[in-house]
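# Report on the structure
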Amino acid sequence: MLRIPALFAAIALVLAGCATPPPPTMGPDGRPLPRVYRISAGETAEVQFRMLDSVNALRQAAGAAPVELNAKLTAAAATHSRDMSVQNRPWHFGSDGSSPIDRVQRSGYAGQLVGETISETYETELETLAAWMDQPDTRRVILDPQARSMGFSWYQENNGKLWWTLILAK
């Protein structure tokens, strides 16, 4: 008697697996609307090293030396990402008037700032990196041959919005 309901349950699971996923919701421009990308606390290192590997692959292709992830620069990036969220605008100045140079110095990093790239988005870190590479000014920062250290962090709001900050220094 229990075999027939179990058989029907198994058939239902197989058929559910065969169903095609719903098509993505399209925006007015004909492109799929972005889906919220959530980062859990346990994924921090994975996301940071995925970005580091991707930046270094781009740098290698451009003939530039690799960069290393630096904890002090990453702390400065995390502080700025959260501050941009508080200010609700992506820009390079902190709510206290600090510049990227000020934040790098405050972090205790002994070197010199090469540049900072920022973004406000719902996209993944790799989609954000691709967008940065499409812009000449942020591309120049990422590929700057003088850079030797990288800080990378983000702040994610409850609605999923991400505030990304990437700092390169020498």
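Summarised in this report is the structure supplied together with it. Starting from 1, residues in each chain are numbered consecutively following that chain's sequence as written. Predicted model: local features are reported for residues with pLDDT of at least 70 only, side-chain atom pairs are reported and counted for 80 or more only, and whole-chain, interface and lining totals are derived from all residues. Derived side-chain values reflect all non-hydrogen atoms in the structure, with water molecules and hydrogen atoms excluded from consideration.

The set of residues buried in helix H5 (residues 125–133) consists of Glu125, Thr128, Leu129, Trp132 and Met133. The arc enclosing the buried residues of H5, seen along the axis, measures out at 140°, which places them on a common side. Pairs of residues are marked as contacts when any of their non-hydrogen atoms sit within 4.5 Å. Note on conventions: DSSP H or I runs of at least 4 residues are helices, E runs of at least 2 residues are strands, and numbering of each starts at the N terminus. The inward-facing, buried residues of H5 contact helix H2 (44–61), strand E2 (113–121), helix H6 (136–143), strand E3 (149–156) and strand E4 (162–169). We call a residue buried when its accessible area falls under 20% of the maximum for its residue type, exposed when it is over 50%, and partly exposed in between, using a 1.4 Å probe and counting protein chains only. By definition, the arc is the one covered by directions from the helix axis to the C-beta atoms.

The next thing to look at is the packing of aromatic side chains. Aromatic rings from Phe, Tyr and Trp, taking only the six-membered ring of Trp, are treated as a pair when their centres fall within 6.5 Å; an angle between ring planes under 30 degrees marks them as stacked, one over 60 as edge-to-face, and anything in between as tilted. All chains considered together, the criterion is met by 4 aromatic pairs. With a centroid separation of 5.5 Å and 65° between ring planes, the pair formed by Trp91 and Phe93 is classed as edge-to-face. Assessed through its relative accessible area of 30%, Trp91 is described here as partly exposed. Geometrically, the ring pair formed by Phe152 and Trp154 is tilted, given 5.7 Å between the ring centres and 50° between the ring planes.

Before going further, it helps to examine the packing of H5 against H6. In this analysis, axes come from line fits to C-alpha atoms, helices being fitted only over the stretch in contact, and the angle between any two N-to-C directions falls in the range 0 to 180 degrees. Contact pair H5 / H6: the axes reach a minimum separation of 6 Å and the direction vectors enclose 110°. Here H5 is positioned roughly perpendicular relative to H6, judged by the angle of their axes. Between H5 and H6, the residues in contact are Leu129, Trp132 and Met133 and Thr138, Arg139, Ile142 and Leu143, respectively. Each residue is assigned to one class: nonpolar for Ala, Val, Leu, Ile, Met, Phe, Trp, Tyr, Cys and Pro, charged for Asp, Glu, Lys and Arg, and polar for all the others, Gly among them. Looking at the contact of H5 with H6 residue by residue, the classes come out as 5 nonpolar, 1 polar and 1 charged. Working definition: roughly parallel below 35 degrees, roughly antiparallel above 145 degrees, roughly perpendicular at 65 to 115 degrees, and oblique for all remaining angles.

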